[in-house]
Each structure stands twice: as C-alpha cells, then as structure tokens.
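What the coordinates show
Each chain is listed here by its residues.
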Amino acid sequence: MYEKVVEIIVYLMNEMRQNKRLGEIDLDALTQNGYTETEISTALSWLFDKFSVGGVQAAEAAPASPESHRVFHEAEKMSMSVEAQGHLIQLRALNLLTEPDFELVIDRVMRAGFLKAGLSEVKSIVASVLFNSEESPNAASRSLLYSSDTIQ
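I will try to describe carefully the structure that is included in this document. (Residues numbered from 1 in each chain as written. Predicted model: local features only at pLDDT ≥ 70, side-chain atom pairs only at ≥ 80, totals over all residues. Heavy atoms only, no water.)

What follows is about the packing of aromatic side chains. According to the stated counting rule, one finds 3 aromatic pairs in the structure shown. Ring geometry for F72 versus F102: centroids 6.0 Å apart, planes at 35 degrees, classification tilted. You can see F72 sitting in the loop between α4 (58-61) and α5 (74-79) and its partner F102 sitting in helix α7 (residues 99-112), a full 30 residues away along the chain. Looking at F72, the relative accessible area reads 8%, which means it is buried. Grouping aromatic residues by their ring pairs yields a cluster made of Y2, W46 and F131. (Phe/Tyr/Trp six-rings, centres within 6.5 Å; stacked < 30°, edge-to-face > 60°. Helix = DSSP H or I, 4+ residues; strand = E, 2+ residues; numbered from the N terminus. Buried < 20%, exposed > 50% of the residue type's maximum accessible area, 1.4 Å probe, protein only.)

A word on the nonpolar core. Counting 37 residues, the largest nonpolar core has I9, M80, L88, V105, V122 and V126 as the members making the most contacts within it. When residues of this core are traced back to their parent elements, those giving at least two are α1 (2-17), α3 (37-54), α6 (82-93), α7 and α8 (119-131). Ignoring sequence-local partners within four residues, the contact set of L88 consists of F72, M80, L97, F102, V105, I106, V122 and V126. (Core = buried A, V, L, I, M, F, W, Y, C linked by side-chain atoms within 4.5 Å. Contact = heavy atoms within 4.5 Å.)

Next up on the list: the packing of α1 against α6. Between α1 and α6, whose axes approach to 11 Å, the crossing angle comes to 50 degrees. Taken as axis vectors, α1 and α6 run oblique relative to one another. Judged by the sense of rotation from one axis to the other, the crossing of α1 with α6 is left-handed. On α6, the residues touching V6, V10, N14 and R17 of α1 are Q90, L91 and A93. Residue classes in the contact of α1 with α6 are distributed as 4 nonpolar, 2 polar and 1 charged. (Axes fitted to C-alpha atoms, helices over the stretch in contact; angles between N-to-C directions. Parallel < 35°, antiparallel > 145°, perpendicular 65-115°, else oblique. Left-handed = near helix turned anticlockwise from the far one by under 90°. Nonpolar A, V, L, I, M, F, W, Y, C, P; charged D, E, K, R; others polar.)

Structural data, given as structure tokens:
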C-alpha cells in the first residue's frame with residue numbers, strides 16, 4: 001500500500017511544482033487511476049505532517065533543487081535498474097528524500113543482495129524509509145489510517 005502512497009505524493013509534488021495549490025489539484029484523477037481514498041488521504045496526511053512539522057511550506061519544497069546531483073557509483077548502477085535510479089533522482093529533486101534518506105535507500109538496496117533491483121523493489125524500500133521516519137512526533141498517526149478515514 002505504501003508504494004502507492006509514495007506514487008500519489010510524487011504526483012502531488014509534481015503538480016505543486018507547476019504552481020498549483022493543493023486545493024487546485026484534481027484528486028479525482030487519482031481515483032480514476034485506481035488509487036483508493038485511504039491511499040489518497042494517507043498521502044495528503046503525510047504531506048501535511050511533513051510540511052507543518054518541519055516548518056516548510058509545500059510551495060517551497062516543490063521547486064527543483066539548484067544543488068549539484070549525486071552521481072551513482074558503478075556498483076550502485078549495477079545493483080539498480082535505470083528506472084529505479086531515475087525514480088530516486090526524481091524523489092531527491094522533489095525534496096521528498098533528504099540526502100541521508102537518499103543514501104539510506106541506496107545502502108539498503110546494496111545490502112539487500114538483489115541481482116538488479118527494479119523499480120518496484122526500490123519503491124518498497126523508499127516507502128519503508130519515508131514512513132518509518134522518526135522526524136515527526138506524529139509519524140505513526142499518518143501510517144495508521146483506517147479505510148473509513150478521510151482528510152477534510
């Protein structure tokens with residue numbers, strides 16, 4: 001489930017990058033693409049929690065970082081598919097992964113012993129890093145939504 005939540009978060013952040021406010025984003029498009037209300041609510045809750053606790057406004061987090069990009073080592077390239085590498089770069093550019101989290105994901109991929117981790121494996125590792133974060137005192141609350149929960 002959390003892999004889908006990360007996909008929704010990426011979608012929302014990409015939309016905000018186009019100078020859309022959260023209220024202007026068409027959430028019906030997500031439902032039409034097969035995401036459940038619980039997954040959408042969890043993604044919105046995570047974004048709200050991340051930005052309200054960290055004191056960062058969503059609009060400030062959405063622009064691409066002007067910083068230089070980390071280059072993957074040959075061993076890292078061999079352990080991940082090109083799609084998985086691109087996904088990590090996108091998450092870092094959207095500031096959804098911090099530098100330490102980015103390194104943690106790569107480290108977990110390398111230690112997991114995959115012949116070549118695909119996009120789904122990397123998404124799973126990313127979800128575990130994002131949703132097991134200790135940075136928020138309410139981190140567990142966004143991970144425990146019930147099917148009847150919604151964000152108002």
